[in-house]
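Each chain, letter by letter, is given below.
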Amino acid sequence: MMDRVTIPELCLKFAEKSWADTFQLVRRCMEKSRDESRSRKPLERSLEKLQEESNVCTINTTKLRLEIIAKQQGMSFHFAEATCYLSADLFYVEVLLLPCGEVEEVKVVPHGESPVPSESLLQLLRSKNFAAFSLKLQGLFAQYNIPGDNEIKFKLLASLQCLGKDLWKIAHLPREQKYFDPEMDLINNGRIGDLIMGKEDCPFTMRFFIPPTNGTKTLVSDLNPVVQAAQVTVVVSNVTHKLQMASVVPQPPQLDPQGYPVFVPLNEVPNEMLPACFLLKLQPAMPVMPSFVKKLSQITDVDLQWAPLPKLLMRDSLSANSSWEMTCESNMIFTVTLPGGVMHSYVFPGAAWDVPAHRGAVVDSVPFTHPGHVPALLELLRHQCAINTLLRSCFIFHCASPGSVCGLHFEVLPESDSSFSVTFQPPDADSLGVLLVNVPKPHQITCSLFGANTRDPSINEYLSSVIMSCMSIPETMRMLYNKLEDITSVPLSPSCSATTETENDHSAPSSTAVADTSRALATFSQSAAMPKDGFSVADLARSALTVAKSESILEIN
C-alpha cells in the first residue's frame, strides 16, 4: 500500500521545477481521459492562472496561452513552423511567433479569401493583453458562427456579405446633418448609424445611439455614456426566408421622397430560400416598451418577459453608491446627487408603472430579412433609447457629501408610450407644478410646464433646449428650479401685481382643491409622494391645475 504524500512533501518535490515543467504537468493532466464525465474546467482555469502570473515569455508559453484561448472560444488549434493556427469553420487566425516567444505577425483569413494582416490583434498580443485578444476573437467567432452544413454555411456567408455591401451603400447616401459633432451625428442620425465593416478583424457592427451632451457637464456625460450598438449576423430560423445572393441596391441608387434607396425586388436578383434570417444582436440588450415591441413584432417574433420599465432600466444603472428603496406598495424611490451637492428624490409609483401599457421587456436581438428593414428598425430603437436615457438619468448616482439632506422631491408618472410627467413643488409656492416631457421622435423632446405660477412664454422652449442638450431629468429639473427661483425673486411692479391678483381671483381653484393640494404637499414632503388609496401626488396636483394642462395631456395621448 502506497504511503500518503503530504502537501509539504509535494511542495518540496516540485520546488525546483521550472514554469515550463509545471505547465507541462498541468497539460498532461488535462490530456488524460481517465473519466470523461469529469470536467476539465478547473485544470484549464489553473493553467490560465499560472500563465497570468508568469512573466516568462517563450515560444512554448505563448503557444500554450493561444491554445487555451482557442479552446475557450470553441475553436481548434494547431502549431506548425512557428505559426499558431486558431481555426473555425469559416475563418482562421494565423499568429507567427519569433524564437523568443514574441509575436511577429497576425493574419485573419476568411473562408475563400487571402490572409489579411491585423494590426489591432497584433498590438493586443504584443502588449500581452490576452483578455482583450480573447474578447475580440469571441466577436469574430460569433460573426462567423453560422449554423448548418457546409453548403448552407457558405450560402449564408455569401448572403451576409451581400447584405453588408448594401448597408454600406445606404450608410453613405447624402443626409441632412442634425448634430454639431460629426461623430455624434453619424451615430444618432446616420441611416445605418456608424457602420463598422470591411475589416476582417472586426465584427460586422453598427453603432446607432449615444446620448448627446453638447459639451454640457451633466450626470450622463460624467459617467461616459454607453454607445448602443448592434452586431449583424445570421441565425437559423424555424421557417425558410428568401435571402439575397446579390445586391438589391442599384447603382447609382434611386432615392424615394424620404431619401432612402428604391430597392430592386428580390425576385429580380439571385436569391435563395434558406432556413435562416439576419439578426441585429443588441449590445447591450435594451428594455423596450409594448408599443415599440408591437412594431418590432411586425418583423420578428420574440419571447419576452415583462416587468415595469423602471425596474428593467434600473438593473444596469445601479452602482455601489446607489441610494434607493422599494416600499410595500412597490414604489421605487431614488436619491440623486447633482453637482454642487443638490440632492433630488425621484419616486416611480408602482401602481402607475406596473400596468401592461407601461411595462417593458429586455430585447437582445431583432431578426430581419432585407436591408430595407434596418433604417426603420434603428429609428424605432433610437426612439426607445431616447426614452430610456431620460428615465435612466433618475437612477444615476453620485456619492453624497456627509450631512447632505434631500430637499427636493419629484414623482415620475407615465402619460403615454412616449411621454411622462414630473410633479414637484415650485420654490416659494403652496401648490404643485407638473413638467410634461414628450418624446414624439428620437431627435425631438419637448417640455410643457403647468401650475408653476410663471407666465414666461419662453420657458417651455428653454426647458426643451436644456433637456435635448443634456438628456437628463435631474439636470433639467435643477435648471427649471433655478429659473423659477430667479423669476420669483424679481419683485412685480404695482400694475403687474394688480393684474396678477385679478387673474388669480378669476382662476383660483376652489377651497376644496386648495385643501387637497396642501394635503398632497405635506404627504409629498414627508413620505416622498407615496400613493394613498390609489391616488398619487400628481393625481391630487392635477385637480388643482388649469384646464389647459388637462387638455394638453389629452391631446398628447
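For clarity, every value in this text was computed on a predicted model and none was experimentally measured. Each chain has its residues counted from 1, running along the sequence as written. With the structure being a predicted model, the display of local features is reserved for residues of pLDDT at least 70 and the display and counting of side-chain atom pairs for 80 or more, all residues being used for whole-chain, interface and lining totals. Based on all heavy atoms of the structure, the side-chain values leave hydrogens and waters out of the count.

### What about the overall build of the chain?
Strands here are runs of E lasting at least two residues and helices are runs of H or I lasting at least four, both read from the DSSP assignment and numbered beginning at the N terminus. Assigned secondary structure in the chain consists of 19 helices and 18 strands. Note on classification: 1.4 Å probe, protein chains only; a residue is buried when its accessible area is under 20% of the maximum for its type, exposed when over 50%, partly exposed between these limits. By the burial criterion, 45% of the 557 residues in the chain qualify as buried.

### Details of the sheet that holds strand β2 (residues 83-87)
Only strands joined by at least two bridges in the DSSP assignment are considered to pair. Taken together, five strands build an open sheet; the order of strands is β1-β2-β3-β4-β5 and the sheet is antiparallel. With partners counted over all chains shown, the strands left at the sheet margins are β1 (76-80) and β5 (116-117), one partner each. Two strands pair when backbone bridges link them, and strand β4 (residues 103-110) and β5 are joined in this way by two bridges, in the antiparallel orientation. Counted as the bridge partner of Lys107 is Pro117 from β5. In the packing of helix α4 (residues 59-72) onto the sheet, the strands contacted are β1, β2, β3 (91-97) and β4, and the crossing angle to β1 comes to about 160°. Most of the contacts of helix α6 (residues 130-144) go to β3, to which it runs at about 150°, and overall it touches β2, β3 and β4. In this description, contact between two residues means that some pair of their heavy atoms is separated by no more than 4.5 Å. Each axis is a line fitted through C-alpha atoms, taken for helices only over the stretch in contact, and angles between the N-to-C directions span 0 to 180 degrees.

### A word on the packing of helix α5 (residues 119-126) against α6
Relative to each other, α5 and α6 sit at 150°, their axes nearing to 8 Å. As far as their axial angle goes, α6 and α5 are roughly antiparallel. Classified by chirality, the crossing of α6 by α5 is left-handed. On the side of α5, the interface is formed by Ser120, Leu121, Leu124 and Leu125, while α6 contributes Phe130, Ala132, Phe133 and Lys136. Residues are grouped as follows: Ala, Val, Leu, Ile, Met, Phe, Trp, Tyr, Cys and Pro are nonpolar; Asp, Glu, Lys and Arg are charged; every other residue, Gly included, is polar. Residues of the contact of α5 with α6, tallied by class, amount to six nonpolar, one polar and one charged. In what follows, roughly perpendicular refers to angles from 65 to 115 degrees, roughly parallel to angles under 35, roughly antiparallel to angles over 145, and oblique to any angle outside these ranges. Left-handed describes a crossing whose near helix is turned anticlockwise from the far helix by less than a right angle; the clockwise case is right-handed.

### Quick look at the confidence of the model for the chain
What pLDDT conveys is the predictor's confidence in a given residue, as a value from 0 to 100. Model confidence for the chain is summarised by a mean pLDDT of 77, while 68% of its residues fall at 70 or above. Taken as a whole, residues 496-538 scores under 50 in pLDDT and shows 59 contacts with residues more than four places along the chain or in a different chain. Here residues 540-557 scores under 50 on pLDDT; set against residues more than four positions off or in separate chains, the count is 32 contacts.

### Thoughts on the packing of aromatic side chains
The description of an aromatic ring pair rests on the distance of the ring centres and on the angle between the ring planes. Centres within 6.5 Å are what make two rings of Phe, Tyr or Trp a pair, Trp counting through its six-membered ring; a difference in plane orientation under 30 degrees is then read as stacked, over 60 as edge-to-face, and the rest as tilted. Evaluated as defined, the whole model comprises seven aromatic pairs. Consider the rings of Tyr346 and Phe410, whose centres lie 4.9 Å apart with planes at 15°: the pair is stacked. Placement of the pair is Tyr346 in strand β13 (residues 343-348) and Phe410 in strand β15 (residues 408-416), with a sequence separation of 64 residues. A relative accessible area of 1% places Phe410 in the buried class. Taken together through their ring pairs, the aromatic side chains of Phe334, Phe348 and Trp353 make up a single cluster. As a reminder, the over-ring test applies to NZ of lysine and CZ of arginine, requiring each to be within 6 Å of the ring centre and within 35 degrees of the ring normal. For Lys63, the ring lying beneath its charged end belongs to Phe79, and the centroid distance is 4.9 Å. Over the ring of Tyr260 we find Arg191; its NZ or CZ atom is 5.4 Å from the centre of that ring.

### Focus: the environment of Lys71
One can find Lys71 in helix α4. When the C-alpha positions of Lys71 and Leu86 are compared, they lie 8.9 Å apart, and in sequence the two are 15 residues distant.

### Observations concerning helix α13 (residues 373-392)
Given a helix with a known number of residues, its expected span is that number minus one, times 1.5 Å. In this model α13 runs 28 Å from its N-terminal to its C-terminal C-alpha over 20 residues, within 8% of the 28 Å that 1.5 Å per residue would give. Burial analysis of α13 places 16 of its 20 residues in the buried class, which makes it a mostly covered element.

### Some remarks on unusual backbone geometry
Cis geometry is found at the peptide bond from Gln251 to Pro252, where omega equals -5°. Following Gln283, the chain continues into Pro284 via a peptide bond in cis, with omega recorded as -5°. The topology assignment puts Pro284 in strand β9 (residues 271-288). Of note in this structure, Ala82 is not a glycine but carries a positive phi near 65°. Summarising the element assignment, Ala82 is placed in the loop between β1 and β2. One non-glycine residue, Lys128, lies in the positive phi region at around 60°. Mapped onto the secondary structure, Lys128 falls in the loop between α5 and α6. For Lys128, a relative accessible area of 39% puts it in the partly exposed group.

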